[in-house]
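Listed here are the chains, written in short residue letters.
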Amino acid sequence: MNIAEFHQNIDQIWDSIEEQLENQDIDADCERQGAVFTITFENRTQIVINKQEPLLELWLASKLGGFHFSYKNGDWLNYEGKRFWDCLAQACAAHGEEVSFA
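Residues numbered from 1 in each chain as written. Predicted model: local features only at pLDDT ≥ 70, side-chain atom pairs only at ≥ 80, totals over all residues. Heavy atoms only, no water.

Where UniProt is consulted, the protein chain appears under the name Iron-sulfur cluster assembly protein CyaY, with the organism given as Mannheimia succiniciproducens. According to the UniProt record, the Function comment for the protein chain is "Involved in iron-sulfur (Fe-S) cluster assembly. May act as a regulator of Fe-S biogenesis." Quoted verbatim from the Sequence similarities heading of the UniProt record, the comment on the protein chain is "Belongs to the frataxin family." (UniProt positions renumbered as here; feature names shortened; annotations may be inferred.)

Next up, the structure:
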């Protein structure tokens, strides 16, 4: 994956997150600032997702800790083989919102 594809892929992920939160009536605000995407929940807790361009990685930080994901075999996986979308759903639950990401 080159840099342009990396940014396009991450932008699609961020669009999908916003759309899925909205479609499930989750009370959260999404904000993009450069390489950082923040989800702020009603209780003011946050999940931060950011692009790590030099490493071509996607990072997720929440109450559950920090996770790094690399694009492998068509999916974003951490070093344990866990999918980004599954970790994001678990993070949302830890912040008080049950969300299902497709």
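After that view of the structure, there is still more to cover.
**Q** Just checking my understanding: could you explain the pattern of salt bridges for this structure?
**A** Side-chain pairs of opposite charge can arise whenever the charged atoms involved come near each other. Counted according to the given criterion, the structure contains six salt bridges. For Arg-32, the salt bridge identified is with Glu-18, shortest N-O distance 2.8 Å. With a gap of 14 residues between them, Arg-32 in strand E1 (residues 28-33) and Glu-18 in helix H1 (residues 3-23) connect regions that are remote in the sequence. On the basis of relative accessible area, Arg-32 is assigned to the partly exposed category, the value being 33%. In this structure Glu-18 comes out as partly exposed when scored by relative accessible area, which is 29%. When salt bridges that share partners are traced, they join Asp-15, Glu-18 and Arg-32 into one network. (Salt bridge = Lys/Arg side-chain N within 4 Å of Asp/Glu carboxyl O. Helix = DSSP H or I, 4+ residues; strand = E, 2+ residues; numbered from the N terminus. Buried < 20%, exposed > 50% of the residue type's maximum accessible area, 1.4 Å probe, protein only.)

**Q** Explanation requested: the pairing of strand E3 (residues 46-52) in the structure shown.
**A** On a regular strand, each side chain points to the face opposite its neighbour's, so the side chains alternate between the two faces of the sheet. In terms of burial, E3 is largely enclosed, as five of its seven residues are buried. Pairing analysis gives five bridges linking strand E2 (residues 36-41) to E3, with the strands arranged antiparallel. Bridge pairing links Thr-40 to Gln-46 in E3. Between E2 and the antiparallel strand that follows it, E3, lie four residues; Arg-44 among them carries a positive phi value of about 75°. Direction of pairing for E3 relative to strand E4 (residues 57-62): antiparallel, over a ladder of five bridges. Looking at E4, one finds that Asn-50 is bridged to Trp-59. Between E3 and E4, which follow one another and run antiparallel, lie four residues, and Leu-56 among them has a positive phi close to 55°. (Pairing = 2+ DSSP bridges.)

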